[in-house]
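The chain contents come next:
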Amino acid sequence: MRMKAISVGILLLGVMISCSGYQGARSDKGLAADVRHGVLFYQENRYAGWPANNGIWNWDNEILVGFVEADHKTTDGLHTYDQSSARHKYARSTDGGERWKIEDAFEQGQTAWGNDHSIPSDMAEEPKPLVTPMPDFTDPGFVITFVRHNNNDGPTHFYYSMNRGKEWSGPYSFPDLGTPGIASRTDYIVENERELSLFLTTAKADKKEGRVAFARTTDGGLTWELVSWITEEHGGFDIMPSSLRLSETELLTVIRRRMADRQDLLIAYRSTDNGKSWRPLKNPVNDTGNGGSPPALVKLDDGRLALGYIYRSVYGSRVCVRFSSDNGESWSDEIVLRSGDGANRDAGYPRMVQRPDGKLVLIYYWNNANDKDATPYRYIATTIFDPDHWR
């Protein structure tokens, strides 16, 4: 069931450009006329954030992306929101990200309490084990999403949909697979009707985030096997992979890392034996700023890879992309798609897809809090750009 939707993409675009003051996108080729910024969701007194926590899917020009909406609340911490009011939402576009309608996750079947999905206890369902296999992973309408209970040791539960996220089945509990706990977002690859590969964020031995593992089901989700560890434990964390299949035997994942000294970066690993073992590659991004960024990895129609991320800074965050022409062995210099419009470091968490016309749609949360003449509220933004500009 689709909830009554709010269409905001076109209505608010002019307002946000006026108050933000940005002039366009600067890159290593100067001002790029084929880079456009828009607003997916914005509402006064509301906080909207973290698309990377909820997943993205597309079917040609239809795009579905999740995010969190909550009451705006001034706090001493990084995130200016009232967590007790936070709910999962979805935005759906049928024209390649030009216009959006907002859907409510609870109304569509996501009824369990989860991190930033603060369902009251008298309304929340308890996740239960899946007892009937999911019908067919290769069905065009199939999507699956994973919800963590906290950022450290979870647990995690999941929902699946057979009609492109318009209705969700679940909640279903997800096993810890012998780990100290799983606190995962959504990152998976459909292999065939009954087989699905999954990239997980697990807790370390001390129950703190995190370490990345590779798992698989071959029976429609009834049972899961931890196939391999991708990263080792260290003094910081490895979380939030963004992954894809390169060939029948090759997999690539890019992972958000924080070192013990709080250096934030993106790392990459490749498998040539279908996930049984992994080798580190050159870091795609050695510095993602103050707080770091999860990656948004896409394989383009022309064979290149595109990697979207946010450089977070108290003094002004920026939206960035890099390209690889050798399956992630090396990456281009940083290309800045957006900067200088007053976004403090409470921004980012991107997701990205490619449209049939070849353009990329990058979705993230943004703000203009450093601009004294602009509203400080966090909103969901889009940047649509043509990767051919940087061939």
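The notes below deal with the structure included here. (Residues numbered from 1 in each chain as written. Predicted model: local features only at pLDDT ≥ 70, side-chain atom pairs only at ≥ 80, totals over all residues. Heavy atoms only, no water.)

1. Some words on the sheet that holds strand β10 (residues 156-161)
Point 1. The three strands are arranged β9-β10-β11 in an open sheet whose pairing can be described as antiparallel. Each end of this open sheet is capped by a strand with a single partner; those strands are β9 (143-148) and β11 (169-173). Direction aside, the axes of adjacent strands within the sheet are offset by 25° on average.
Point 2. Pairing analysis gives three bridges linking β10 to β11, with the strands arranged antiparallel. (Pairing = 2+ DSSP bridges. Helix = DSSP H or I, 4+ residues; strand = E, 2+ residues; numbered from the N terminus. Axes fitted to C-alpha atoms, helices over the stretch in contact; angles between N-to-C directions.)

2. With respect to the nonpolar core
Buried together is how nonpolar side chains tend to be arranged in soluble globular proteins.
Point 1. Among the nonpolar cores identified, the biggest contains 28 residues, and Met-134, Ile-144 and Phe-174 are the most heavily contacted of them.
Point 2. Those elements giving two or more residues to this core turn out to be β5 (56-59), β9, β10 and β13 (196-203).
Point 3. With four residues, β9 is the single largest residue contributor to this core.
Point 4. In contact with Phe-174, other than residues within four places in its own chain, are Phe-146, Thr-156, His-157, Phe-158, Ile-182, Leu-198, Leu-200 and Trp-224.
Point 5. With 27 residues, the next largest nonpolar core counts Ile-56, Ile-63, Met-240 and Tyr-349 among its residues. (Core = buried A, V, L, I, M, F, W, Y, C linked by side-chain atoms within 4.5 Å. Buried < 20%, exposed > 50% of the residue type's maximum accessible area, 1.4 Å probe, protein only. Contact = heavy atoms within 4.5 Å.)

3. Thoughts on the sheet that holds strand β22 (residues 318-324)
Point 1. The strand order across the open sheet formed by four strands is β20-β21-β22-β23, and the pairing between neighbours is antiparallel. Taken across any chain shown, the strands that pair with only one partner, and hence form the sheet edges, are β20 (296-299) and β23 (335-338). Along the sheet, successive strands turn relative to each other by an average axial angle of 25°, direction set aside.
Point 2. Bridge count for β22 against β23 is three bridges, and the pairing is antiparallel. Residue pairing for β23: Val-319 is matched across the bridge by Arg-338.

4. Side note on the environment of Ala-48
Point 1. Note on placement: Ala-48 falls in strand β4 (residues 46-49).
Point 2. For the pair formed by Ala-48 and Cys-320, sequence separation is 272 residues and the distance between their alpha carbons is 20 Å.
Point 3. Beyond its immediate sequence surroundings of up to four residues, Ala-48 is in contact with Phe-41, Phe-67, Val-68, Tyr-365, Arg-378, Tyr-379 and Ile-380.

5. Here's the deal with the side chain of Thr-288
Point 1. On the secondary structure map, Thr-288 appears in the loop between β19 (279-280) and β20.
Point 2. Residues contacting Thr-288, with those up to four places away along its chain left out, are Asp-264, Leu-265, Leu-266, Ser-293, Tyr-309, Ile-310, Tyr-311 and Arg-312.

6. With respect to the pattern of salt bridges
Point 1. Scanning all chains against the criterion turns up 27 salt bridges.
Point 2. Between Arg-46 and Glu-69 there is a salt bridge whose closest N-O contact spans 3.0 Å. A residue pair is termed long-range when its members are at least 10 positions apart, and Arg-46 in strand β4 and Glu-69 in strand β6 (residues 62-72) qualify at 23 residues. The pair Arg-46 / Glu-69 is uniform in exposure class, with both members buried.
Point 3. Ionic pairing is found between Asp-302 and Arg-304, a salt bridge with its closest N-O pair at 3.0 Å.
Point 4. Where salt bridges share partners, they join Arg-46, Glu-69, Asp-71, Lys-89 and Asp-104 into one cluster. (Salt bridge = Lys/Arg side-chain N within 4 Å of Asp/Glu carboxyl O.)

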